[in-house]
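Architecture at a glance
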Amino acid sequence: MDKATTVDSRPTLTVQQATKLVLQLYGVTVAEISTLPSYIDQNFLVVDKEGTKNVLKIMNSEVSKNITLLEVQTLAMSFLCQHGVPTQTVVPTTTGKLMSMEEIDCGHGVQIYCVRLLTYLHGKTVAESPVTLQDLYYLGKLAATLDNTLQQMVSPNLDVLQKENPLWSLFNIPLLEGYLSVMDGDPLQEVVKAVIEQFKLSVQPKISSFRKGIIHGDLNDLNIIVTPAGNGHHDVSGVLDFSLLSNGCYVFEVAIEIMYLMLENPNSLNVGGVVLAGWESIMPLNEDERDSLFLLVLGRFCQSLVYGRYNVKKYPDNKKYLLTTAKSATRLLNKLWELGKKEVERKWFHDASNYKELLIKG
């Protein structure tokens, strides 16, 4: 998950603490346990004596303060799963709770952390899988289907999604200015500054015409799980991490997905158009949304690079994961900026149109 937060909020439980927690809350005796990557939360892969796998997820103490938000995130996972979108579901505690607020000392004083046990979804992340153009189309379609489905979700607490995650929202690209010192001495800082200025000039005036609703907000290449489907293609077996669920703009969702799917793709410029074709098969973009897509993609590259470096200063022990995207993101941000909006849009929109025609003929 991408998120900047306050000092010492990240849980750092030992394997022994996690094992005890699973037994205490879920009555499960752990046969095997190992850590899984996480941005500023903590995840453990837990295997019981029967070989059943689950994921123990401990949220950082800052997010854990907002119980209502966590309940809505949990509801969204369950709702999507019931409507055919593959997501993790929550395993209840022995007392029937979907989440448990636990006082734990991770070495820097007792803090309260939200603990959940989630089902394990089999497969590999998109980042680990050589996806085809057909896969990219269906990943775009998946994102739009997910957001379309969430339009039907009902809860008296949906307003909690209005005000979360201000740093990582694409509404707030200008907030990057307060963190630019982490880029001092790096020539990329000038590109980031230029993207922010272009966002203010060209995107902010159009935001009022963007269609809005609940979005996942972090459909990156580590949050989508796939399994081989034959002929080199893949099926989606899971969507992970609803920590950035928010009330946002639908064009933000497709921009975020395009950005992350470009990272590991050897033909990165071929990604945008095909993902867009998949998205627009469910939810066509309007003129202002299309005109803003390029700068929104660049804005997410900037957020990932700047906030990644910022968090490394706070959590140096998690540097490898925090900078997962840094090398590819730096190269791609420079490349896209040099090519320019007109050239990249021509490529993306031409590819989107062509791929739609191929599907109609096929």
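Provided above is the structure to which this section pertains.
Read on for an overview of the structure. Everything quoted here is computed from the prediction, not taken from an experiment.

With respect to the overall build of the protein
- A count of helical and extended segments in the protein gives ten helices and eleven strands.
- Radius of gyration (C-alpha) of the protein: 20 Å, near the 21 Å computed for a compact globule of 362 residues.
- Structurally, the protein occupies a C-alpha span of about 60 × 50 × 40 Å along its principal axes.
- Computed over 33 positive and 39 negative side-chain charges, the separation of the two mean positions in the protein equals 2 Å.

Observations regarding the sheet that holds strand E9 (residues 224-230)
- What the three strands build is an open sheet, ordered E7-E9-E10; its pairing is antiparallel. Lying at the two open borders of the sheet, with one neighbouring strand each, are strand E7 (124-125) and strand E10 (233-239).
- As defined by bridge partners, E7 adjoins E9 across two bridges and the pair is classed as antiparallel. For Lys 124, the partnering residue across the bridge sits in E9 and is Val 226.
- Set on the sheet, helix H3 (residues 133-150) makes contact with E9 and E10; between it and E10 the angle comes to about 25°.

Thoughts on the side chain of Asp 351
- Looking at the secondary structure, you find Asp 351 in helix H10 (residues 341-361).
- Beyond its immediate sequence surroundings of up to four residues, Asp 351 is in contact with Leu 269, Asn 270 and Gly 273.

Some remarks on the pairing of strand E5 (residues 100-105)
- Side chains Ser 100, Glu 102 and Ile 104 of E5 all project onto a buried face; the interleaved residues Met 101, Glu 103 and Asp 105 project onto a face where none is buried.
- Pairing of E5 with strand E6 (residues 110-119) involves six bridges; the strand directions are antiparallel. Bridged to Glu 103 within E6 is Ile 112.
- A loop of four residues connects E5 with E6, the two strands running antiparallel in sequence, and Gly 107 in this loop sits at a positive phi of about 110°.

Remarks on helix H7 (residues 287-314)
- Its 28 residues give H7 an end-to-end C-alpha distance of 41 Å, which sits within 8% of 40 Å, the value for a rise of 1.5 Å per residue.
- Of all the bends in H7, the greatest, near 45°, is centred on Leu 293.
- Where burial is concerned, most of H7 is hidden: 20 out of the 28 residues are buried.
- The N-cap residue of H7 is Asn 286: its side-chain oxygen and the backbone nitrogen of Asp 288 are 3.1 Å apart.

Looking at the pattern of salt bridges
- Going through the model one piece at a time under the given rule, you end up with 14 salt bridges.
- Here Lys 356 makes a salt bridge to Glu 280, at a shortest N to O gap of 2.8 Å. On the criterion of sequence distance, the pair formed by Lys 356 in helix H10 and Glu 280 in helix H6 (residues 271-280) is long-range, its members being 76 residues apart.
- Classification of Lys 356 by relative accessible area gives partly exposed; the value is 29%.
- Of the residues examined, Glu 280 reaches a relative accessible area of 9% and is grouped as buried.
- The residue Arg 346 makes a salt bridge to Glu 343 at a minimum N-O spacing of 2.5 Å. With Arg 346 and Glu 343 both in helix H10, this residue pair falls three residues apart, about one helical turn.

Details of helix H1 (residues 15-26)
- In a regular helix each residue adds 1.5 Å, so twelve residues correspond to 16 Å; H1 covers 16 Å between its end C-alpha atoms and thus fits that length.
- When we look at burial in H1, the residues that qualify are Ala 18, Leu 21, Val 22, Leu 25 and Tyr 26. One side of H1 holds all its buried residues, which, seen down the axis, span an arc of 100°. Residues of H1 that are exposed and point more than 90 degrees away from the buried face comprise Gln 16 and Lys 20.
- Considering only its buried residues, H1 is in contact with strand E1 (30-36), strand E2 (42-48), strand E3 (53-58), strand E4 (90-91), E5 and E6.

A closer look at unusual backbone geometry
- Phi is positive for Asn 231, close to 55°, though the residue is something other than glycine.
- For Asn 231, the position within the fold is in the loop between E9 and E10.
- The backbone of Asp 241 sits at a positive phi, close to 60°, despite the residue not being glycine.
- Topologically, Asp 241 is positioned in the loop between E10 and strand E11 (246-249).

Some remarks on a nonpolar patch on the surface
- A surface patch of nonpolar side chains, about 230 Å² in accessible area, is lined by Ile 67, Met 101 and Ile 112.
- Structurally, Met 101 can be placed in strand E5.

Some thoughts on the packing of aromatic side chains
- Throughout the structure, instances matching the rule amount to seven aromatic pairs.
- Here the aromatic rings of Trp 168 and Tyr 307 are separated by 5.1 Å at their centres, their planes lie at 65°, and the arrangement is edge-to-face. With Trp 168 in the loop between H3 and helix H4 (188-203) and Tyr 307 in helix H7, this pair connects stretches of sequence that are 139 residues apart.
- Judged by its relative accessible area of 4%, Trp 168 falls in the buried class.
- Since its relative accessible area comes to 0%, Tyr 307 is described here as buried.

Cut-off values and rules
Residues numbered from 1 in each chain as written. Predicted model: local features only at pLDDT ≥ 70, side-chain atom pairs only at ≥ 80, totals over all residues. Heavy atoms only, no water. Helix = DSSP H or I, 4+ residues; strand = E, 2+ residues; numbered from the N terminus. Rg over C-alpha atoms; globule rule 2.2 N^0.38 Å. Lys, Arg positive; Asp, Glu negative; His and termini not counted. Charge placed at Lys NZ, Arg CZ, Asp CG, Glu CD. Pairing = 2+ DSSP bridges. Contact = heavy atoms within 4.5 Å. Axes fitted to C-alpha atoms, helices over the stretch in contact; angles between N-to-C directions. Buried < 20%, exposed > 50% of the residue type's maximum accessible area, 1.4 Å probe, protein only. Expected span 1.5 Å × (residues − 1). Bend = angle between axes of the 7 residues up to and from the residue. Polar contact = N/O pair within 3.5 Å; in protein donor to acceptor, adjacent residues only side chain to side chain. Salt bridge = Lys/Arg side-chain N within 4 Å of Asp/Glu carboxyl O. Arc of directions from axis to C-beta. Patch = residues over 30% accessible without salt bridge, like charges linked within 9 Å, V, L, I, M, F, W, Y side chains within 5 Å. Areas by Shrake-Rupley, 256 points an atom, 1.4 Å probe, with all protein chains shown as cover. Phe/Tyr/Trp six-rings, centres within 6.5 Å; stacked < 30°, edge-to-face > 60°.

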